[in-house]
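Analysis of the macromolecular model
Now for the letters of each chain:
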Amino acid sequence: MTALPPERTGRHNLDPHLARYAARTEGMTASEIRALFAVASRPEVVSLAGGMPNLAALPLDSLSAQVGELIAEEGLVALQYGSAQGIPVLREQICDIMALEGISAHPDDVVVTVGSQMGLDMVTRLFCDPGDVVIAEGPSYVGALGSFAAYQAQVLHVTMDDDGLVPEALRAALDQAERAGKRVKFLYTIPNFHNPAGVTLATGRRAEILAICREHGVLVVEDNPYGLLGFDGQTYPALRSLDPENVVYLGSFSKTFASGLRVGWVLAPHAVREKLVLAAESATLCPPSLNQMIVSRYLETHDWKGQIKTFQENYRERRDAMISALEQHMPAGCTWTHPDGGFYVWVTVPEGVDTKAMLPRAVTARVAYASGTGFYADGFGSRQMRLSYCYPTPERIKEGVRRLAGVLESEMDLVRTFGNVSMKPISGPENPSPDTA
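These remarks concern the structure in this document. This is a predicted model, so every value here is computed, not measured.

What counts, and where the lines are drawn
- Counting restarts for each chain: residues are numbered from 1 in the order of the written sequence.
- The predicted nature of this model means local features are confined to residues of pLDDT at least 70 and side-chain atom pairs, given and counted, to a pLDDT of 80 or more, with totals for whole chains, interfaces and linings taken over all residues.
- The basis for every side-chain value is the complete set of heavy atoms in the structure, and neither hydrogens nor water enter the calculation.
- Helix and strand assignments follow DSSP, with helices taken as H or I runs no shorter than four residues and strands as E runs no shorter than two, numbered in order from the N terminus.
- Any residue under 20% of the maximum accessible area for its type is buried, any over 50% is exposed, and the rest in between are partly exposed; the area is computed with a 1.4 Å probe on protein chains only.
- Pairs of residues are marked as contacts when any of their non-hydrogen atoms sit within 4.5 Å.
- Working definition of accessibility: Shrake-Rupley area with a 1.4 Å probe, residue cover restricted to the visible protein chains.
- The definition of a polar contact used here is a pair of N or O atoms within 3.5 Å, where within protein one atom must be able to donate a hydrogen and the other to accept one, and adjacent residues in sequence count solely through side-chain atom pairs.
- Among buried residues, those of type Ala, Val, Leu, Ile, Met, Phe, Trp, Tyr and Cys that are joined through side-chain atoms within 4.5 Å constitute a nonpolar core.
- Being paired, for any two strands, means DSSP has found at least two bridges between them.
- Expected helix span is given by 1.5 Å per residue-to-residue step, counting one fewer step than there are residues.
- Orientation is described by axes fitted as lines to C-alpha atoms, over the contacting stretch for helices, and by angles from 0 to 180 degrees between their N-to-C directions.
- For classification purposes, an angle smaller than 35 degrees is called roughly parallel, one larger than 145 roughly antiparallel, one from 65 to 115 roughly perpendicular, and anything else oblique.
- Take the far helix as the reference: if the near one is turned anticlockwise from it by less than a right angle, the crossing is left-handed, and if turned clockwise, right-handed.

1. Examining the overall build of the chain
Secondary structure summary: the chain contains 15 helices and 14 strands in total. Residues classed as buried in the chain amount to 56% of the 437 residues present. Within the chain, contacts between residues at least 6 apart in sequence are counted, and of these 78% link residues at least 24 apart. Accessible area for the chain stands at about 18,800 Å²; split by element, carbon and sulfur atoms hold 54% of it.

2. Brief notes about the side chain of Thr 337
Examined against the element boundaries, Thr 337 turns out to sit in the loop between β10 (335–336) and β11 (344–348). Its relative accessible area of 11% is what places Thr 337 among the buried residues. There is a polar contact of 2.9 Å between the side chain of Thr 337 and the backbone oxygen of Ala 197. Discounting chain neighbours no more than four positions away, the residues touching Thr 337 are Ala 197, Gly 198, Val 199, Ile 323, Val 345 and Trp 346.

3. Re the environment of Leu 359
By secondary structure assignment, the location of Leu 359 is in helix α14 (residues 355–364). Judged by its relative accessible area of 2%, Leu 359 falls in the buried class. Separated by 11 residues in the primary sequence, Leu 359 and Ala 370 place their C-alpha atoms 8.2 Å from one another.

4. Brief notes about the nonpolar core
Nonpolar side chains tend toward joint burial in soluble globular proteins. Residues Phe 253 and Leu 326 are the most contacted members of the largest nonpolar core, which totals 76 residues. When residues in this core are grouped by element, the largest group, nine residues, is from helix α13 (residues 304–329). Dropping the residues within four chain positions of it, Leu 326 is found in contact with Trp 336, Val 345, Val 347, Leu 387 and Val 401. Val 248, Leu 250, Ala 279 and Ala 370 belong to the second-largest nonpolar core, a separate cluster that totals 34 residues.

5. Considerations on the sheet that holds strand β13 (residues 370–371)
Strand order in the open sheet made by the four strands is β10-β11-β14-β13, with antiparallel pairing throughout. Edge positions in the sheet fall to β10 and β13, since each of these pairs with one other strand and no more. Two elements, β11 and strand β14 (residues 384–388), share five bridges in a ladder whose sense is antiparallel. Across the sheet, the residue bridging to Tyr 344 is Ser 388, located in β14.

6. Observations regarding the sheet that holds strand β9 (residues 264–267)
Read across the open sheet, the eight strands follow the order β2-β9-β8-β7-β6-β3-β4-β5; overall the sheet is mixed. The sheet is open, and its two edges are formed by β2 (110–113) and β5 (164–165), each paired on a single side. Here strand β8 (residues 247–252) pairs with β9 via four bridges, running antiparallel. Pairing of Ser 252 across the sheet is with Gly 264, part of β9.

7. Thoughts on helix α12 (residues 289–301)
Residue pairs three or four apart in sequence face the same way in an α-helix, which turns once every 3.6 residues. With 13 residues, α12 extends 18 Å from end C-alpha to end C-alpha; this agrees with the ideal 18 Å at 1.5 Å per step. Across the 13 residues of α12, 11 count as buried, placing the element largely inside the fold. Buried residues of α12: Ser 289, Leu 290, Asn 291, Gln 292, Met 293, Ile 294, Val 295, Ser 296, Arg 297, Tyr 298 and Leu 299, and no others. Buried residues along α12 sit against α3 (60–78), α4 (88–99), β2, α10 (254–258) and α13.

8. Quick word on the packing of α14 against helix α15 (residues 394–418)
Across the interface, α14 lies against α15 with an axial gap of 10 Å and an inter-helix angle of 130 degrees. Here α14 is positioned oblique relative to α15, judged by the angle of their axes. Crossing of α14 over α15 shows right-handed handedness. Each of Met 358, Arg 361 and Ala 362 in α14 lies in contact with α15, whose residues at this interface are Leu 404, Val 407, Leu 408 and Glu 411.

9. Remarks on the environment of Leu 290
Within the fold, Leu 290 resides in helix α12. When the C-alpha positions of Leu 290 and Leu 70 are compared, they lie 8.6 Å apart, and in sequence the two are 220 residues distant. In contact with Leu 290, not counting residues within four places along its chain, are Leu 70, Ile 71, Ala 78 and Leu 79.

Written out as structure tokens, the structure reads:
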């Protein structure tokens, strides 16, 4: 066996396996909030960082009894291997759920996944070769950016405004990529209650964006974990409902039921579905039957629509507390989005303040947030932060914003005294973690 040269053995590196890693690992970095999570999770710290659902609203007593009954009655099936595509009854129920957004689908075209993150990873693996381009909103979901980086795809961000993705910006980005000879594989979009921006794609723009993608031969990947969590009772038409053959739809029970069960799904055109099943087999062999059966029995026996309404009311109360606190405490020059659903507010701070540099000082002041740079593939976002209102109580939200405003005031004083303190942008997305979901 030929020994590796000294410079490749890793003997001078902290990681002795450094020379063995695949090239695709080079851009993989940990979430900055994950690094501070041990501190941020202390009870004295108000965390406005993580997208954890408010599970206290679930009927835990009846759910625990049902899980026991399920194992007693169907344990030999629930605890056994299953199909890589997912159990048939749950796929049928998923089709009923998607019908609320205008989607007409057959259970055969649904693939159940271990959370929608797995679905996103599989879609990227199927479509992206190294150097291919993915179009995504700027900012975009950190977990998506991590998957794109893992498969060495380049991300081209497209501008959003208060009505979501700007069609003219999308067309310009596609034209730019074509002139540069780059292959654009798909548009990745979160049309409803965007993570992290909190905005929703205007209904009037949806058909136009789909037409632009059709014109340029680009697939659309629609990620929609928050679509049923609107605060005004409106359910927006899914992009998939408008163009079934050119949209791959990602769904999840993490936000509308229980994130810890890790049950999501992909609805894809039939030919794509076949490859997704093969990809699922190579990734996990099969999704856990027990978790799927828990979700299925919950949908069958509980008023899940009523439960979603409860979630809507809880999150609307928390959103209102967040907006009220921002209006009351944040210094002049700050702006923020006004979400009508979902979990997040996107805040822009005055010029010269770097939210990534400020984060450790915020945690010292017992408040945490997600800085904006993690939501861009190109290092931008240093003046932005994502604030999550889904998990803390309204009282904790108000206190957290008060603390954050004090930290921001101190940071602005530094800028006024010493000038711009911004850090240089760091290229490359962060890997996803539960605290940045």
